[in-house]
Amino acid sequence: MNFLEMFRFAFGGLSTNKTRTSLTTLGIAIGVASVIILIAVGNGSSLAIQKSIDRLGTNTITILGNRGGFGGGRAAAARAVSSQPLTIGDAVSLNDSIKAPDIKQAAPVVSTNVTCSNGANTSTPGTFDGTWPSWFEASNTSIKVGNFFSNDDVTNGHRVAVIGNTTATDLFPGQNPIGQTISCSGVKFTVIGLTNLKGSNGFQDGDSLVVAPITVVQRSITGFSNINSILVQAKSASVQNNAQTEINTIIDARHRIKNVNNRDYRTLNQASLLATSSSNSAVFTTLLGVVAAISLLVGGIGITNIMLVTVIERTREIGIRKAIGAPKRAILSQFIIEATFLSLFGGVIGVLGGFLGSHFTIVGVKPVVVPSSVLLAFGVSVLIGLFFGGYPASRAAALRPIEALRYE
Amino acid sequence: MAVDLVVAVDLVVNTKNLATINSNRNESILPVIEIKDAVKRYGMGDNSIYALAGVNLRIVPGEYVAIMGPSGSGKSTLMNMMGCLDIMTSGSYFLDGIEVSKLDENALAVVRGHKIGFIFQSFNLIPRTNALLNVELPMAYQGIKKEERKSRAIKALEIVGLSDRLSHDPSELSGGQQQRVAVARALATRPALLLADEPTGALDSKSTADLLDLFDQINAAGRTVVLITHENEVANRAKRVVHMRDGKIISDEINEVSIK
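Residues numbered from 1 in each chain as written. Chains lettered and ligands numbered in written order. Predicted model: local features only at pLDDT ≥ 70, side-chain atom pairs only at ≥ 80, totals over all residues. Heavy atoms only, no water.

Asker: What is the right way to look at the overall build of chain A in this model?
Answerer: Within chain A, the regular secondary structure consists of 14 helices and 12 strands. Counting across all 408 residues of chain A, residues that qualify as buried make up 50%. Put simply, of all contacts in chain A between residues at least 6 apart along the chain, 79% involve residues at least 24 apart. Working note: accessible area of chain A is about 18,500 Å², and carbon and sulfur atoms make up 62% of it. (Helix = DSSP H or I, 4+ residues; strand = E, 2+ residues; numbered from the N terminus. Buried < 20%, exposed > 50% of the residue type's maximum accessible area, 1.4 Å probe, protein only. Contact = heavy atoms within 4.5 Å. Areas by Shrake-Rupley, 256 points an atom, 1.4 Å probe, with all protein chains shown as cover.)

Next comes the structure, spelled out in structure tokens:
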């Protein structure tokens, strides 16, 4: 009794009931394919987030004051002995090549929420910032059409604005926005530039954007109060940590911070944003993986079910085989090979299906197949075949020939 | 009713002959089958039923034995014991010198494959598997090489007159042909013993006659044949007829008709 022989018997068994064989295979295939696709979707979305964060620039640091900004500062403010807001003076002091040699430039940012309109078209930009021209380079924003505003525009308070693609489409559908006028919170701005596509960073649309000179925004909209944040660009990603230290030294001195645990400002760098978003997407991927694993398990139970039915249905045949001298292990291997083949074949189809399905964009995410998930899903499906098929097989093999022969 | 009558008549004749037959038998020959005090009990305690109630049977090589008896007489149980398909509650069973009542399941599988060719009333061929592969199957389990297995299977099918049906599935064969495939399957392993449990029970008279001729040939070639039957016509071909009733052997006689 060689191995090839057992394979022949096993295939004979499978080909007897093709419908059942293919349905069982389908169950496993769907399980494997969904594991691969869902994990690929999770992976794809986390890669997309990483990519857009990368695009924002990895050498930028955002300083947030305790007032306004991203919120969450109140607790820190309560702890602070003396809480001072960020000021333009803070931004100016960071642009100091002697005290802060690793900082390329720093730009103060005033942010607000306003609705802009052009006649009947309105748009509420996700970002409405008043800042300096150095913001554009620091934030890795480039111009597609037109120009950035200049230092002269800031100094003289010219009402000009640079807008992102989403805002442009909202306000000027099908038109060239350059030279047109938009009205934000009643203040008219002339559009002088359109930024290149930035994409989403996973939290907000980077193209829903209006940027204007800080002087104009303060004078006309927010008032000359404090600024919300300072965008700092380090000379390179490798000196980002040095730049961070220099920021702390300079701002601590300016704000008279004695205890570094009680700072009245926070710094955010891209690395920490990246870490947050990766951990979020890891949770997302795990959830998807668990759902898929359940469907794989259900496929496995399907195999057990089919193998049990097969064994019962073929009890008589098992009896005949035993009566003419089939040893226990021959019966056992025949059924285990059948079950393993079912899951193996289902696994292969599932892997193919998984790769195929990963070519489509699913809910706006381009799936990226994780090789280890393919191995995992395939391996698990084969193991499921072995274990779940093993139980009915051992039941079949343990039958006494006379019991099996009498079975009708 | 008719069967009972026959048995009753046999009873009178056979009790008389029993002693003479046993004494005539050559005790020095190694028996193919030696069963001592075989008991098979179903159920426990007061509800237990004895399918075999102490059977002693000795069959030497080259014999052609028919076992007869009414339903429930224990003849099928005895046959299953001899074929190692079932185990006895107590007693001992030597097959070709091996005490099979003491073997484990794996060793029994080997014995079934090598020592016994079993023929069933309902043929018991593997469905959707052609005649040649059916005959090859027991040899496959024994690990005989493909070429030898095939040539032996072809030869066995030739002997039973089915060389033109090698690639037919059981469903494409008549009852008589299926039973002949089963005989070929039993013969191909060159067993010490050919056991047939009512082999003609599902066959018409023509097929029955052909099959019995086949058994005669097989026995004439020296193979030990033991069969169970209801039919006197079948039993008459055997050289020795054993009658059973209520789990016991009630007669064991040389068949005068067959000897002639």
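Asker: Please clarify how the interface of chain A and chain B should be interpreted in this entry.
Answerer: Interfaces are often described in size by the accessible area the parts lose on coming together. Counting residues at the interface gives 23 residues for chain A, matched by 27 residues for chain B. Note on chain A versus chain B: buried area summed over both sides is about 2,200 Å², and carbon and sulfur give 59% of it. Inspection of the region where chain A meets chain B yields two salt bridges. Arg400(A) is paired through a salt bridge with Asp86(B); the nearest N and O atoms lie 2.7 Å apart. Put simply, the parts of the chain that give the side of chain A that touches chain B at least two residues each are α1 (3-16), α11 (315-323), α12 (328-357) and α14 (401-406) of chain A. Of the residues belonging to the side of chain A that touches chain B, the class tally is 11 nonpolar, three polar and nine charged. (Buried area = accessible area lost by both parts, 1.4 Å probe. Salt bridge = Lys/Arg side-chain N within 4 Å of Asp/Glu carboxyl O. Nonpolar A, V, L, I, M, F, W, Y, C, P; charged D, E, K, R; others polar.)

Asker: So what exactly am I meant to see when it comes to the sheet that holds strand β9 (residues 240-245) of chain B here?
Answerer: Residue and element names in this part refer to chain B. Here we have six strands laid out as an open sheet, ordered β6-β7-β8-β3-β9-β10, and mixed in their pairing. What marks the edges here is a single partner per strand, and that holds for β6 (116-119) and β10 (248-254). Recorded for the sheet is a direction-independent mean angle of 15° between the axes of neighbouring strands. Judged from the four bridges that link them, strand β3 (residues 64-68) and β9 form a sheet pairing that is parallel. Across the sheet, residue Ala66 finds its bridge partner in β9, namely Val241. Strand contacts of helix α3 (residues 105-115): β6 and β7 (193-197), with the helix running at about 80° to β6, the strand carrying the most contacts. (Pairing = 2+ DSSP bridges. Axes fitted to C-alpha atoms, helices over the stretch in contact; angles between N-to-C directions.)

Asker: I tried to follow a nonpolar patch on the surface on my own but got confused; where do I start?
Answerer: Residue and element names in this part refer to chain A. On the surface, Leu23, Leu26 and Ile30 cluster together into a nonpolar patch covering about 300 Å² of accessible area. Mapped onto the fold, Leu26 is located in helix α2 (residues 18-55). Accessibility expressed as a relative area gives 46% for Leu26, which makes it partly exposed. (Patch = residues over 30% accessible without salt bridge, like charges linked within 9 Å, V, L, I, M, F, W, Y side chains within 5 Å.)

Asker: Any chance you could explain helix α7 (residues 205-220) of chain B here in plain terms?
Answerer: Think of an α-helix as 3.6 residues a turn; residues three or four steps apart then line up on the same face. All names here are of chain B. For α7, spanning 16 residues, the distance from its first C-alpha to its last is 22 Å, which sits close to the expected 22 Å at 1.5 Å a residue. Taken residue by residue, α7 has Ser207, Thr208, Leu211, Leu212, Leu214, Phe215, Ile218 and Asn219 as its buried positions. Axial view of α7: buried residues confined to an arc of 155°, hence all on one face. Among the exposed residues of α7, those pointing more than 90 degrees away from its buried face are Ser205, Lys206 and Ala220. For α7, the capping residue at the N-terminal end is Asp204, with a side-chain oxygen 3.1 Å from the backbone nitrogen of Lys206. (Expected span 1.5 Å × (residues − 1). Arc of directions from axis to C-beta. Polar contact = N/O pair within 3.5 Å; in protein donor to acceptor, adjacent residues only side chain to side chain.)

Asker: Any chance you could explain the confidence of the model for chain A here in plain terms?
Answerer: Reading fine detail from the predicted coordinates is not recommended where pLDDT is low. Residue and element names in this part refer to chain A. Per-residue confidence for chain A gives a mean pLDDT of 83; residues scoring 70 or more make up 92%. Averaged over each element, pLDDT in chain A is lowest for helix α3 (residues 74-79) (48) and highest for strand β7 (residues 160-163) (93). Counted against residues more than four places away or in other chains, residues 68-81, with its pLDDT under 50, gives 15 contacts. (pLDDT = per-residue confidence, 0-100.)

Asker: Any chance you could explain the pattern of salt bridges here in plain terms?
Answerer: Residues and elements named next belong to chain A. On inspection of all chains with the given rule, the structure shows 24 salt bridges over all chains. With a closest N to O distance of 3.0 Å, Asp252 and Arg263 form a salt bridge. One end of the pair, Asp252, is in helix α9 (residues 240-255); the other, Arg263, is in the loop between α9 and β12 (265-269), with 11 residues separating them in the sequence. Judged by relative accessible area, which is 22%, Arg263 ranks as partly exposed. The salt bridge partner of Arg321 is Glu317, with a shortest N-O separation of 3.0 Å. Highlighted residues: Arg321 and Glu317, both in helix α11, separated by four residues, approximately one helical turn. What makes Arg321 buried here is its relative accessible area of 5%. On the basis of relative accessible area, Glu317 is assigned to the buried category, the value being 10%. Look at the salt bridges and you will find they share partners, linking Arg314, Glu317, Arg321 and Glu338 into a network.

Asker: Teacher, can you tell me more about the state of the cysteines here?
Answerer: A covalent bond between the sulfur atoms of two cysteines is what we call a disulfide. Residues and elements named next belong to chain A. Here the structure, examined in full by the defined rule, presents one disulfide over all chains. Between the sulfur atoms of Cys116 and its disulfide mate Cys184 the distance is 2.1 Å. Here Cys116 and Cys184 share a disulfide; its torsion about the S-S bond, 110°, makes the bridge right-handed. Residue Cys116 is located in strand β3 (residues 116-118), and its partner Cys184 is located in strand β8 (residues 181-184); the two are separated by 68 residues in the primary sequence. Assigned by exposure class, Cys116 and Cys184 land together as buried. (Disulfide = S-S within 2.5 Å.)

Asker: Which parts of the structure should I look at to understand the pairing of strand β11 (residues 229-234) of chain A?
Answerer: Consecutive side chains of a regular strand alternate in pointing toward one face of the sheet and then the other. All names here are of chain A. Of all six residues making up β11, six are buried, and the element is well covered by its neighbours. Of the two faces of β11, the one carrying Ser229, Leu231 and Gln233 and the one carrying Ile230, Val232 and Ala234 are both buried. Bridge count for strand β1 (residues 60-65) against β11 is five bridges, and the pairing is antiparallel. Looking across to β11, one finds that Ile63 is bridged to Ile230. Strand direction decides the pairing type here: strand β2 (residues 103-111) and β11, joined by six bridges, are antiparallel. Bridge pairing in β11 places Ile103 opposite Ala234.

Asker: Just to check I follow, could you spell out the packing of aromatic side chains for this structure?
Answerer: Residue and element names in this part refer to chain A. On inspection of all chains with the given rule, the structure shows six aromatic pairs over all chains. Pairing Phe128 with Phe189 gives two aromatic rings, centres 6.2 Å apart and planes at 70°, and the pair type is edge-to-face. Of this pair, Phe128 sits in strand β5 (residues 127-131) while Phe189 sits in strand β9 (residues 187-195), and the two are 61 residues apart along the sequence. Considered together, Phe128 and Phe189 belong to a single accessibility category, that of buried residues. Taken together, the ring pairs connect Trp135, Phe136, Phe148 and Phe149 into an aromatic cluster. (Phe/Tyr/Trp six-rings, centres within 6.5 Å; stacked < 30°, edge-to-face > 60°.)

Asker: Got a minute to help me understand the environment of Glu253(B) in this structure?
Answerer: Position of Glu253(B) among the secondary structure elements: in strand β10. The spatial distance from the C-alpha of Glu253(B) to the C-alpha of Val241(B) is 5.5 Å, given a sequence separation of 12 residues.

Asker: Looking at this model, I keep getting lost on the pairing of β5(A). Mind explaining?
Answerer: Residue and element names in this part refer to chain A. Burial within β5 is extensive, with five of its five residues counted as buried. Residues Thr127, Asp129 and Thr131 point to one face of β5 and Phe128 and Gly130 to the other, with burial holding for every one of them. When β2 meets β5, the two strands line up antiparallel, connected through two bridges. Across the sheet, residue Val110 finds its bridge partner in β5, namely Gly130. For β5 and strand β10 (residues 209-213), the ladder comprises five bridges, and the chain directions are parallel. Among the inter-strand pairings, Gly130 is bridged to a residue of β10, identified as Ala212.

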